[in-house]
Amino acid sequence: MTKTRSDRTNMTCAEFQDQLPELFESHSDLSAEEHLKTCENCSALVRDLEYIAQQAKLLLPIHDPSPGVWDKIDAAIQREPSPGGGAGGNQPPVRT
Amino acid sequence: MSTGQTAPKPVQQHMRRNPPIAGEAEAIQAAQGGDARAFETLYALHKRRVYSLCLRMLGNVAEAEDLTQEAFLQLYRKIATFRGDSAFSTWLHRLAVNVVLMHLRKKGLPQVSLEETLEPSQEDGPRKDIGARDLMLSGSIDRVTLERAVENLPPGYRLVFVLHDVEGYEHNEIADMLACSIGNSKSQLHKARMKLRDLLRTGARKEPAV
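Residues numbered from 1 in each chain as written. Chains lettered and ligands numbered in written order. Predicted model: local features only at pLDDT ≥ 70, side-chain atom pairs only at ≥ 80, totals over all residues.

**Overview of the interface of chain A and chain B**
Between chain A and chain B, the residue contacts involve 43 residues of the former and 42 residues of the latter. The set of elements that each furnish at least two residues to the side of chain A that touches chain B consists of α1 (13-25), α3 (40-55) and α4 (67-78) of chain A. Per-element accounting of the side of chain A that touches chain B gives the leading share, 11 residues, to α3 of chain A. Class assignment for the residues of the side of chain A that touches chain B results in 25 nonpolar, 11 polar and seven charged. (Contact = placed C-beta atoms within 7 Å. Helix = DSSP H or I, 4+ residues; strand = E, 2+ residues; numbered from the N terminus. Nonpolar A, V, L, I, M, F, W, Y, C, P; charged D, E, K, R; others polar.)

Right, dumping it as structure tokens:
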């Protein structure tokens, strides 16, 4: 079970770091954690992990596949039955 | 103008990374009926995110393009089964993730379970950080450096990191995509960030900023 903030006052670094995944997910202000007030090592770790999560936004997609990918998909779906159950990929749907 | 009635609230679910895309709902419906042009529209709307996921997971343009092709072919075959229970892009991403995982397993880990695919070996995992007080990352990471470090993560860590921290999926969605527990997703993410920190600090030691 996750400990309360006051329970975490006398934690060792290993115990505190074991709790970190849940603490991050709680979206609470970790700077208020008692352990961090006295432990520079864990404070640095928390700052780094928060920074990495923040910088990850830099990696949002920027590349498109080459136009040849669609050409291959298009050629392949011509040979497939239509998802609506028709005979061919470019056939209009048959309404009954 | 106020009518005195409370207007129905728009659905907020999936809004952070899945804002409504103009024309998407119509394209889905048409593609489900076999309209190839509508399917091309869906490809145009989603190719970048699917390709980027494949590229990050494989680190190779040719393989990433092959898997993008495979993911969209699977989409074509399965689109009639999309019922709108989740956002379309989430549903498509799940499909793409499965294509990537299948490929990774075929490539290097043919007999292992998904959980094992997600859990790297001990030596690939992050170290606990007890007493290593030498280098802070803050302010030191640019896109290229981070991209390179992410490439060096074990595949399971990389996948959860990309899905959560880059793409913004929630743990319950990731757990659903990867058929693992929410706790497992949280744990993998934490280990991924710890491992990234190791990699970034090691890289920073090898290549000090000028």
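**Side note on the domain arrangement of chain B**
Residues and elements named next belong to chain B. Each assigned domain of chain B is listed with its residue range as follows: domain 1 (24-108) and domain 2 (114-127 + 134-206). Mapped by element, the contributors of at least two residues to the side of domain 1 that touches domain 2 are α2 (36-58) and α4 (88-108). Per element, the largest residue contribution to the side of domain 1 that touches domain 2 is seven residues, and it comes from α4. Per-class residue counts for the side of domain 1 that touches domain 2 are five nonpolar, three polar and three charged. (Domains from an automatic or database assignment.)

**Description of the nonpolar core**
Residue and element names in this part refer to chain B. In this structure, C54, A71, A96, V100, V160 and F161 are the most contacted members of the largest nonpolar core, which totals 63 residues. Broken down by element, the residue count for this core peaks at 12 residues, all from α2. Lining this core are residues from two domains, each supplying at least three of them: domain 1 (24-108) and domain 2 (114-127 + 134-206). The contacts of A71, once residues within four sequence positions are left out, are V50, L95, A96 and V99. (Core = buried A, V, L, I, M, F, W, Y, C linked by C-beta atoms within 7 Å. Buried ≥ 20, exposed ≤ 12 C-beta atoms within 10 Å, placed from the backbone.)

**Some thoughts on helix α1 (residues 24-32) of chain B**
All names here are of chain B. Of the positions making up α1, those classed as buried are A27, I28 and A31. End-on view of α1: buried residues confined to an arc of 100°, all on one side of the axis. Those residues of α1 that are exposed and aimed more than 90 degrees away from the buried face are A25 and E26. Buried residues along α1 sit in contact with α2 and α4. Count one or two residues on from α1 and you reach G34, which has phi positive near 100°. (Arc of directions from axis to C-beta.)

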